[in-house]
Amino acid sequence: MSLRAEAPSETRVRRFGRSQRWVHRTTAALMGVCVLTAAFLYIPEFAELVGRRELVVRVHEWAGLALPVPALLGLASRHFRADLGFLNRFGPHDKVWLRAALRRDKRRVSRPAGKFNAGQKVYAAWIAGATLVMLGTGLLMWFTHLTPIQWRTSATFVHDWLALTIGIVLAGHIGMALGDPEARRGLRTGTVSREWAEREHPLWRPRDGRRD
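Residues numbered from 1 in each chain as written. Predicted model: local features only at pLDDT ≥ 70, side-chain atom pairs only at ≥ 80, totals over all residues. Heavy atoms only, no water.

Peer 1: Help me understand a positive patch on the surface, please; the structure alone is not making it clear to me.
Peer 2: A surface patch of positive charge is lined by Arg-25, Arg-184, Arg-185 and Arg-188. The biggest single contributor to the positive patch is helix 9 (residues 181-189), with three residues. Relative to the helices and strands, Arg-184 resides in helix 9. (Patch = residues over 30% accessible without salt bridge, like charges linked within 9 Å, V, L, I, M, F, W, Y side chains within 5 Å. Areas by Shrake-Rupley, 256 points an atom, 1.4 Å probe, with all protein chains shown as cover. Salt bridge = Lys/Arg side-chain N within 4 Å of Asp/Glu carboxyl O. Lys, Arg positive; Asp, Glu negative; His and termini not counted. Charge placed at Lys NZ, Arg CZ, Asp CG, Glu CD. Helix = DSSP H or I, 4+ residues; strand = E, 2+ residues; numbered from the N terminus.)

Peer 1: Whenever I open this one, the packing of helix 6 (residues 92-102) against helix 7 (residues 118-142) confuses me. Can you help?
Peer 2: Axes are the key here: two packed helices are described by the angle between their axes and the distance separating the axes. Between helix 6 and helix 7, whose axes approach to 8 Å, the crossing angle comes to 95°. Here helix 6 is positioned roughly perpendicular relative to helix 7, judged by the angle of their axes. For the pair helix 6 and helix 7, contact is made by His-93, Asp-94, Trp-97 and Leu-98 and by Ala-118, Gly-119, Lys-121 and Val-122, respectively. By residue class, the composition of the contact of helix 6 with helix 7 is four nonpolar, two polar and two charged. (Axes fitted to C-alpha atoms, helices over the stretch in contact; angles between N-to-C directions. Parallel < 35°, antiparallel > 145°, perpendicular 65-115°, else oblique. Contact = heavy atoms within 4.5 Å. Nonpolar A, V, L, I, M, F, W, Y, C, P; charged D, E, K, R; others polar.)

Peer 1: Please explain unusual backbone geometry as it appears in this structure.
Peer 2: In terms of backbone geometry, most residues other than glycine have negative phi values and most peptide bonds are trans. Unlike most non-glycine residues, Arg-104 shows phi in positive territory, near 60°. By relative accessible area, Arg-104 is classed as exposed at 72%. (Buried < 20%, exposed > 50% of the residue type's maximum accessible area, 1.4 Å probe, protein only.)

Peer 1: When you look at the packing of helix 1 (residues 18-42) against helix 9 in this model, what are you seeing that I'm missing?
Peer 2: Closest axis-to-axis distance for the helix 1/helix 9 pair is 8 Å, and the angle between their directions is 105°. The angle between helix 1 and helix 9 places the two elements in the roughly perpendicular class. Listed contacts from helix 9 to Arg-21, His-24 and Arg-25 of helix 1 are Gly-186, Leu-187, Arg-188 and Thr-189. Partitioning the contact of helix 1 with helix 9 into residue classes produces one nonpolar, three polar and three charged.

Peer 1: What am I meant to see in the packing of aromatic side chains here?
Peer 2: Aromatic ring pairs are reported here in terms of the distance separating the ring centres and the angle at which the planes meet. Under the defined criterion, the tally for this structure stands at four aromatic pairs. Ring plane angle 35° and centroid distance 6.2 Å describe the contact between Phe-16 and Phe-116, whose orientation is recorded as tilted. One end of the pair, Phe-16, is in the loop between strand 1 (12-14) and helix 1; the other, Phe-116, is in the loop between helix 6 and helix 7, and 100 residues separate them in sequence. Assigned by exposure class, Phe-16 and Phe-116 land together as buried. Ring geometry for Trp-142 versus Phe-143: centroids 5.3 Å apart, planes at 25°, classification stacked. Overall, Phe-143 belongs to the partly exposed group, its relative accessible area being 34%. (Phe/Tyr/Trp six-rings, centres within 6.5 Å; stacked < 30°, edge-to-face > 60°.)

Peer 1: For this particular structure, what's the right way to read the nonpolar core?
Peer 2: General note: in soluble globular proteins, nonpolar side chains tend to be found buried as a group. By size, the foremost hydrophobic cluster in this structure holds nine residues: Leu-30, Met-31, Leu-67, Ile-127, Ala-130, Met-134, Leu-162, Ile-166 and Leu-170. Put simply, the parts of the chain that give this core at least two residues each are helix 1, helix 7 and helix 8 (149-178). Those residues in contact with Ile-166 that lie beyond four places of it in its chain are Met-31, Trp-126, Ile-127, Ala-130 and Met-134. (Core = buried A, V, L, I, M, F, W, Y, C linked by side-chain atoms within 4.5 Å.)

Peer 1: Sorry, what's going on with the environment of Leu-65 here?
Peer 2: The residue Leu-65 is located in helix 3 (residues 53-66) in this model. Separated by 70 residues in the primary sequence, Leu-65 and Leu-135 have C-alpha atoms spaced 6.7 Å apart. Filtering out sequence-adjacent residues up to four positions away, Leu-65 remains in contact with Leu-135, Leu-139 and Trp-142.

Peer 1: In this structure, what is going on with the environment of Thr-189? I would like to understand it.
Peer 2: Structurally, the position occupied by Thr-189 is in helix 9. Its relative accessible area of 32% is what places Thr-189 among the partly exposed residues. Separated by 175 residues in the primary sequence, Thr-189 and Arg-14 place their C-alpha atoms 9.1 Å from one another. Contact partners of Thr-189, with chain neighbours within four places excluded, come to Arg-14 and Arg-21.

Structure (structure tokens):
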């Protein structure tokens, strides 16, 4: 009989269900296709590697059209709708978090957060708006016979520069995710350690769900 006491199992709490994880993964995959195909279309060094440019254009267009679909399908899930409500709700603690971020104050006590912190809420709002703008300008560029050339020229300008901005913001988003293995684990498995939840999201109450 072993005299060593067994280490207590790590307490884990549910953070995301299947619907939230599916929406995130599918949207990320479609966004990745859009960014990758855009790079092959606009960066000369990459464009030289592609022999069938027309195929890349079609993949880029259809991936862009499909980008909002996962979120629209996710609306059928009450858990996904609840998360959207949390992301769309800014409270006094979010202002505190943003002020601390602007001051580069990394102390946990200076950055109170519910299920999602203020940075995640700002990112979600921005990327959702940027996706809609990209979809609208992309449609203007695709259906050239529906709009005058001035509209198409303006749409191309906005589409190209916003695409560059999205690429930079996504790189920052991925970089932050790489620096937080437990957050990635939450998106992969749906659960996180209670210690991480209490440290990173102290206002979140996983059991009752009454606070965001």
